[in-house]
Structures are given as structure tokens and as C-alpha cells.
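Below are the chains, spelled out letter by letter.
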Number of protein chains: 2
Amino acid sequence: KDVPKPVADAFSNDPERHPALLVRNSKPFNAETPPSLLTDHFYTPNELFFVRNHLPVPDIKTENHRLTVETIKGKTVDLSVEELKKKYKSYTIGSVIQCAGNRRADMNQYKKVQGLMWEGTAISNAEWTGVRLRDLLADAGIDVFDDKIKHVHFEGADVDPTGTPYGASIPIEKARGDEVIVAYHMNGVDIPRDHGAPLRVIVPGNVGARQVKWLRKIIVSEKESDSHWQQKDYRAFSPAVNIGDELKWNTVPSIQEYPVQCAICSPAPNTKVDRGDETVDISGYAWSGGGRGIIRIEVSVDGGETWNSVEMEQEEKQDQEHMYAWTLFKAEVKIPPGVKEFNIIAKAVDRAYNTQPETASGIWNVRGLIHNAWHRVPIIVKD
Amino acid sequence: KDVPKPVADAFSNDPERHPALLVRNSKPFNAETPPSLLTDHFYTPNELFFVRNHLPVPDIKTENHRLTVETIKGKTVDLSVEELKKKYKSYTIGSVIQCAGNRRADMNQYKKVQGLMWEGTAISNAEWTGVRLRDLLADAGIDVFDDKIKHVHFEGADVDPTGTPYGASIPIEKARGDEVIVAYHMNGVDIPRDHGAPLRVIVPGNVGARQVKWLRKIIVSEKESDSHWQQKDYRAFSPAVNIGDELKWNTVPSIQEYPVQCAICSPAPNTKVDRGDETVDISGYAWSGGGRGIIRIEVSVDGGETWNSVEMEQEEKQDQEHMYAWTLFKAEVKIPPGVKEFNIIAKAVDRAYNTQPETASGIWNVRGLIHNAWHRVPIIVKD
Ligand SMILES: [Mo]
Ligand SMILES: [Mo]
């Protein structure tokens, strides 16, 4: 890691958090939603939304915050949060944020990887309200169809000890889409500090790392962001690259759209069930990047030889070509006869008929990113 | 099948074909490119381009052909091919056409499926020249951002015995894209009869079945095409639906964008190699839908435990976010020590980090569509 680490003190002004969050790292704060609670709500309550911070949490007085937009020539728009809300039309969109490291611990079981050991709930779903990025760019005199513009950069108010802010960028084709907003509300209330107060860019369908929190600067550019998190993190290498090998970051593209993902949240692994119950109740989530809706979720209790489709809960305002919210599922699966233990497996199919690999064997990567193999939950049967 | 079958005579006027094509059905004509020839050319020569016909081949005199565009209100544009060429700007794009049934024979080996037994070369790549569909629609007074327009329908001049033409539709978001063209040239010459002379709509990134040949009618609509091929074919069911089960076609969406695909073309399965040679030369292709470029192709000779990235040949004019042409690969793989036979496995990763499933176990479907599991070629080692 070539980002200077903030001293522990720098985190002393971090906000209070809900005690139910499963803390994976305290400084910077990184925590998952408890899996047993995640599927209780189609929109994850703000206080249970997973938290992925790279740096200390900025403490911004909303009335003092400014958002600037810079063009290639340097001309800027400079707005307060109040002006932003007044000046532009507001849009609300249900959209998932998922950490690129979600399910890393599961990939680590296949073969050791490096990074924060996220289990399977570094993902949450919220309804975001804000203004279209495209409207802001237009107001700054930017032609979003200008061939010279390739990327839109975002800078947060969170800084490392050298004063370098968190940053990321997205391709201009994505930036000008209907769905990309600069949000000020999360589930109907002001965005909480841990989630980017007062402004966060929401890039539906893309990985969390590009959805910059504490947003204070938007810059259109001919090239991708130079930030550490764009150039030397959040890129998934080939399984041929092992721990200790030189990491040639520029040989792999930055993660933007996420592939199709699915996980069971309940029951927990190694839950004991009574054979006499005959069935086990399960619940979980599925989601895919690029607005590709989930068209099917299937469950197997015989290692993938036979499958059953399960009932899905989806957002009614979104269609299969523009599905940025997640899909929740609940099902009753039959306990197979004559076994002392078995795996419940779940997997999903997205609108482009993309599917998930069976195991980590083809997707293992040294940093343990975007693990989306079939999710297996071992169950113990008591007679 | 509820499409009336043309009598054999209706095919007597079909064109001559190259004798090297591997014929899977003669009436209607369906044939693959020989795998040993497919990777010799980045752009597949027209006479070797795979052929997938549903009906007899129309015999159209170009000077008599008319293309019409119909709006919701019925207003039309009506053009000759000559007028179309003169009136609109021309664009050239490298783009793959792949049959949804490509690699069906391979899926059939996992478990019996229904359909034409395509091996792995019902796919080819060409450079297409034509006019933007969007320009044609604009000229017909159609606002491609009109909320009422959901689909653009295409009708071919090929008809079944009742006079019903082949038809398909694509979502308006796709139809208004830069990449969608009404083509009159294939690899720099007039499109041959088998490939849609004189006009074919090219929908880069989508399945072949929507890229209607012998195009004579474009219709904007509030709904998807009612055609047999849109509604009762080219939809992939769950593995839970078996042969003999009722097919509830409206429970699964029509295939549009293709998922990531990869196959080895050479050597052929069960090729005998000498251990003394130490290596085997392989070649193949990879491609993904939606313009998602191939970012990596990997090969394994130990069942997927270890992988090597291979060198890729790609079109220089296309970037990873807009890659509609395919990726070819060539590699020298090491013969593993001490084995009498082994599998060469190849798989690809696309720009959204989508990957392929290891086997057909999770994607098997009764019609054997879009099989994209890891491609395995068994090799026999002689000492
Ligand atoms: Mo992340
Ligand atoms: Mo096809």
C-alpha cells in the first residue's frame, strides 16, 4: 500500500455506529450488515447499511460545503448544497452499493488472498435522492458528447496524511446516463456522515469504490483518475498472478460495472437442522452491474445437479434493462434424504444471461476482489 | 415448433455455398465455419462465414428492393438501397454474429437438449458498412427519446408458407446507439445472399437472431415483436425445466445481449500429440455481448487449478468499453508430465469482470441455448 496511513487519532472524530454492525476494521471503519438482518428490508436502514471507509470520516457542516465542477479548460461551477437542491430537478433511484471485496473471506478459503476479510454482506441497497450529474455538467457548459472528454473524476473531502483526497473516475458514457446522480438523501433523510454527508455521487450498476462520498469536486478529463484507488487498487488480476509477484496494475482495467452476484444470508453456515422439519427456510440477495436485472435465482441441495427457481422480490419501478436495486429472495428448500450434511447453493442469472462460476478456481485473484462464485452454505442434519 | 415448414422445393433457389462449410441442416441451410479455418482470419471471409437461415433464401434484385420505416402513427419512409446509400452517412464497424445455439452439441453431452446440433463455430466476425439506424429513425420523424417507444422491430423478406416474414425486435435504448447500422456491405462488398442481401440490420453485441437479414421493414413500437422467434424461441429456460415440460415462454426474457464466450478452435478434440514435442499450439476466439471487451483469456491444462494468460488479437479501432469485434488468441501450451490424456481448457473475462461457468451444470436449458461453459478439448499424449 502506498497510501500513507492516518495516525489512530485522526479517527477520534468518527461518528457513532450501530452496535449490530460487524466490524472488520475499526480505523478506518469498515463494517458489514449482520446477514441475519440484511434481507429483512428491501431498502437497508441507514444505520445498518454496510460501511466502507478508506480514511477518517470528514466532519462537514452542510451549510459550509461547496461542490465545484471543473471543465477541461478550468471553468467551474461552485455551489452550496442548498443551491444544488434549488437549482436542479431531483431524482430518486433505488441502487445497490457493493464493495469490490464482498465475499473475500470465501475466496480466501479457496486460496489465501490479501485484503480486509469481508464475509458476504459488504453490500446494501438504498433509495437515493439527488440531482443528475448530467444536469450539473451541462450547467458548467460541458458538452457530454464532446469526443475529448473520456472520464469524469470525483474527489471526496476525506484526505490522507499528505492531504491527498480519495478520488475515482467513471467513463463519460456512464456519467451522462439518466441514472447517475449527486445524492443528498439516503432513504429519504440527509445522508449520514459514514455514507458521505452531505453529498455522495451514486453510480448505479458500478462498484462502490467509484461512488465517492463527501463529494466536493467533479472534474471532466481526457483520462482516467490518477488516484491510488483507481490505478493501484480495485483491479482484479489473473489467477496466474500470485502473492509476492510484481503487480502490473496497468495490465488490467479498473473495476467499473460489477458482474452478477448472489448470496444466501440465512441460515448461517453450519446451522443444525432437524430432519423432521423436512425443509429449511433460506433468504438472500442477488444483483448485477450495468443495470442488468436479475432474471432468475436458482437453488440446489445436490451440488448443482438439479435446481429450483425461487421467488424474487424486485423494485417495481425498475425494469430488467434498468435494474439498479437488488433482488431479494426467500425459499423453503427440502432437506435431502439420507445425508448428515449438505450444502445449500444459490446462484443468479442476469439480463444478458451472465451467470456465476461454480467455484473460485477461475476467478481467484491475489487481492480477493469481486468473488461471485456460487454461494454454498453447509448445513448439518440432526436425526 | 409452430412455424409451418416450407416444402423442400422452396429451397431450390438457395445460393451456392462454399464446400468447406460444415452443414448442420440443408433446408433451411445452416452451416458452420470449419474450426481449423475460423481463426486464420480476423474478419471471416464472406464465403466461410457461418450461415443460420430459418427459411428459404429470398432472391432480391437490389434495384427493386425497398426499405420502409413505420412510426407508431404509421408515417413511413420508403427508400431504395441506392437512396439509402446516398442519403445517409456511412459507418463501418467490426462486429461478431453468434448463433444462440453455438456450442449446443457440447451442452447436449452434459444432458440431452433439443435443437440443431451446432458445434463451436456458429460464430463469425465481419466488418459491416451501412447507415445508422438512428439516422433513419430521425428521418422518419421519430424521437428516439420518446417514452412511448419501447422497441424497434425488424422484418425480413424471408417468409414461411403462410407468408409470415421472419421478425425480431430490440429495445429502443439499443436501437438508438451509435453502433447499430443497416448494413449493405459485408467485408467491403455487397452482402451475399445467404447473409441478407441487400440489407441486414447489424446489432453489435446482441445475439444473431435479432440481426434480421433481407431487411425490408423497420417499425417502432410500444411493445416487443410478436414474432415466433422473439416470443417462442431464443429464450433460455432454467435447468429446472426439462424435455417434455410445458414451456412457459413469457416467464423468461428474450435473449438480446450475449454473455461472455470463449472456445478453442484448434487442435480438434482427441488430437494425438507426441510427448517429445513438449507443447501444443492452440488457437481460438472469445467475445462478449453489450460491447464489453475481452480483458483476459486464460488457459489451463490441469483442470482449472492453474492458469496462464494468453496473447490476444483485438481490433485497434475498438476500446474495451465498445468492443463488438471478437478477440482471437494463439498460445503454446505445455504438455503436462506423466499423463496419457489431458484437457486443454480456455476461458475469458469481459470488461464487467463477467466470467464463464465451469460446466453446463448451472446453465443447462432444454433448448440448449447460449452454452458458454469453459471449453475443454481432450488431447491424447503418445510416448
Ligand atoms: Mo470497496
Ligand atoms: Mo441463432
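Below you will find a few notes about this structure. Model, not experiment: these values are computed from the prediction. (Residues numbered from 1 in each chain as written. Chains lettered and ligands numbered in written order. Predicted model: local features only at pLDDT ≥ 70, side-chain atom pairs only at ≥ 80, totals over all residues. Heavy atoms only, no water.)

1. Remarks on the overall build of chain A
Each helix and strand in chain A was counted, giving six helices and 22 strands. By the compact-globule yardstick of 21 Å for 383 residues, chain A fits well, its C-alpha radius of gyration being 21 Å. Here the C-alpha coordinates of chain A stretch approximately 70 × 45 × 40 Å along the principal axes. Looking at chain A residue by residue over its 383 residues, the buried ones come to 60%. Across chain A, contacts joining residues at least 24 apart in sequence account for 72% of those joining residues at least 6 apart. When the accessible surface of chain A is summed, it comes to about 15300 Å², and 47% of that surface belongs to carbon and sulfur atoms. (Helix = DSSP H or I, 4+ residues; strand = E, 2+ residues; numbered from the N terminus. Rg over C-alpha atoms; globule rule 2.2 N^0.38 Å. Buried < 20%, exposed > 50% of the residue type's maximum accessible area, 1.4 Å probe, protein only. Contact = heavy atoms within 4.5 Å. Areas by Shrake-Rupley, 256 points an atom, 1.4 Å probe, with all protein chains shown as cover.)

2. Observations concerning the relation of the copies chain B and chain A
With an axial shift of 0.0 Å and an RMSD of 0.0 Å, the rotation relating chain B to chain A amounts to 180°. Overall, the copies show the geometry of a two-fold rotation axis. Using C-alpha coordinates, one finds that chain B approaches the rotation axis most closely at Pro357(B), a distance of 2.0 Å. A symmetric contact is evident, with 100% of the interface residues of chain B recurring at the interface of chain A. (Least-squares fit on C-alpha atoms with pLDDT ≥ 70 in both.)

3. Here's the deal with the side chain of His54(A)
Residue and element names in this part refer to chain A. One can find His-54 in the loop between β3 (51–52) and β4 (66–70). Within polar-contact distance, the side chain of His-54 engages the side chain of Arg-52 at 3.4 Å. For His-54, the side chain forms a polar contact with the side chain of Tyr-234, separated by 2.7 Å. Beyond its immediate chain neighbours, meaning those up to four positions away, His-54 contacts Pro-28, Tyr-166, Trp-229 and Tyr-234. (Polar contact = N/O pair within 3.5 Å; in protein donor to acceptor, adjacent residues only side chain to side chain.)

4. Some thoughts on the packing of aromatic side chains
Residue and element names in this part refer to chain B. One pass over the structure, following the stated rule, counts 18 aromatic pairs over all chains. For the pair Phe-49 and Trp-128, a centre-to-centre distance of 5.9 Å together with 80° between the ring planes defines the contact as edge-to-face. Here Trp-128 lies in strand β7 (residues 123–132) and Phe-49 lies in the loop between α1 (35–38) and β3 (51–52), a separation of 79 residues in the sequence. Exposure class is identical for Phe-49 and Trp-128. Each is buried. For the ring pair Tyr-285 and Trp-326, a centre distance of 5.9 Å and an interplane angle of 15° mean the geometry is stacked. Residue Tyr-285 is found in strand β16 (residues 279–287), and its partner Trp-326 is found in the loop between β19 (311–313) and β20 (327–334); the two are separated by 41 residues along the sequence. Overall, the relative accessible area of 0% leaves Trp-326 in the buried class. (Phe/Tyr/Trp six-rings, centres within 6.5 Å; stacked < 30°, edge-to-face > 60°.)

5. Looking at the interface of chain B and chain A
Each partner contributes to the interface: chain B provides 43 residues, whereas chain A provides 43 residues. Taking both sides of the interface into account, the surface hidden between chain B and chain A amounts to around 3200 Å²; carbon and sulfur atoms contribute 46%. Considering only the surface of chain B that becomes buried against chain A, Pro253(B), Tyr353(B) and Glu358(B) emerge as the three largest contributors, covering 19% of it. For the interface between chain B and chain A, the tally reads zero salt bridges. (Buried area = accessible area lost by both parts, 1.4 Å probe. Salt bridge = Lys/Arg side-chain N within 4 Å of Asp/Glu carboxyl O.)

6. A few points about the sheet that holds strand β1 (residues 22–25) of chain A
All names here are of chain A. Across the sheet, which stays open at both edges, the three strands sit in the order β1-β2-β3 with antiparallel pairing between neighbours. Strands at the two margins of the open sheet, each flanked by one partner only, are β1 and β3. Bridging between β1 and strand β2 (residues 30–32) involves three bridges; their strand directions are antiparallel. What sits directly across from Val-23, in β2, is Ala-31. (Pairing = 2+ DSSP bridges.)

7. Topic: the layout of surface pockets
All names here are of chain B. Computed from the structure, the second largest pocket encloses a volume of approximately 630 Å³. Of all elements in the fold, only β1 (22–25), α3 (104–110), β14 (261–266) and β22 (375–382) reach the threshold of two or more residues within the lining of the second largest pocket. Tallied by class, residues from the lining of the second largest pocket come to 15 nonpolar, seven polar and seven charged. (1 Å grid on protein atoms, 1.4 Å probe; cavity = no way out; pocket = protein on both sides within 12 Å on 5 of 7 lines; lining within 4 Å. Points joined across faces, edges and corners; volume = space filled by probe spheres on them. Nonpolar A, V, L, I, M, F, W, Y, C, P; charged D, E, K, R; others polar.)

8. Quick word on the environment of Gly130(B)
All names here are of chain B. Structurally, Gly-130 is set in strand β7. Using a relative accessible area of 0% as the deciding quantity, one classes Gly-130 as buried. Along the primary structure Gly-130 and Leu-55 are separated by 75 residues, whereas in three dimensions their C-alpha atoms are 24 Å apart. Beyond its immediate sequence surroundings of up to four residues, Gly-130 is in contact with Lys-89, Ser-90, Tyr-91, Ile-181, Val-182, Ala-183 and Tyr-184.

9. Brief notes about unusual backbone geometry
The omega angle of the peptide bond from Ala197(A) to Pro198(A) is 5°, so this bond is cis rather than trans. With respect to the secondary-structure elements, Pro198(A) resides in the loop between β11 (189–190) and β12 (200–202). In this structure, the amide linkage connecting Lys27(B) to the following residue, Pro28(B), adopts the cis form with an omega of 0°. Of note, Pro28(B) is situated in the loop between β1 and β2 (30–32). For Asn187(A), which is not glycine, the phi torsion reads 55° and is therefore positive. Inspection of the secondary structure puts Asn187(A) in the loop between β10 (181–186) and β11. Backbone geometry places Tyr234(A), a non-glycine residue, at a positive phi of 55°. Structurally, Tyr234(A) is set in the loop between α6 (228–231) and β14 (261–266).

10. Considerations on the sheet that holds strand β22 (residues 375–382) of chain A
Two modes of strand pairing occur in sheets, parallel and antiparallel, and in both the strands are linked by backbone hydrogen bonds. All names here are of chain A. In space, the five strands of this open sheet follow the order β15-β22-β21-β17-β18, with mixed pairing throughout. Taken across any chain shown, the strands that pair with only one partner, and hence form the sheet edges, are β15 (271–274) and β18 (308–309). Alignment of strand β21 (residues 341–350) against β22, held across six bridges, turns out to be antiparallel. From the neighbouring strand, Asn-343 faces β22, where its bridge partner is Pro-378.

11. Description of the environment of Lys87(A)
All names here are of chain A. For Lys-87, the position within the fold is in helix α2 (residues 81–87). Measuring from C-alpha to C-alpha, the distance between Lys-87 and Val-131 comes to 9.1 Å, with 44 residues separating the pair along the chain. Residues in contact with Lys-87, not counting those within four places in the same chain, are Leu-79 and Asp-139.

12. Side note on the pattern of salt bridges
Pairing between side chains of opposite charge can happen when the charged atoms of each approach one another. In this structure the tally under the stated criterion is 44 salt bridges over all chains. The partner of Asp274(B) in a salt bridge is Lys382(B), and the shortest N-O contact between them spans 3.8 Å. Of this pair, Asp274(B) sits in strand β15 (residues 271–274) while Lys382(B) sits in strand β22; the two residues are 108 residues apart in sequence, bridging distant segments of the chain. Members of the salt-bridge network, linked through shared partners, are Asp14(A), Arg17(A) and Asp194(A).

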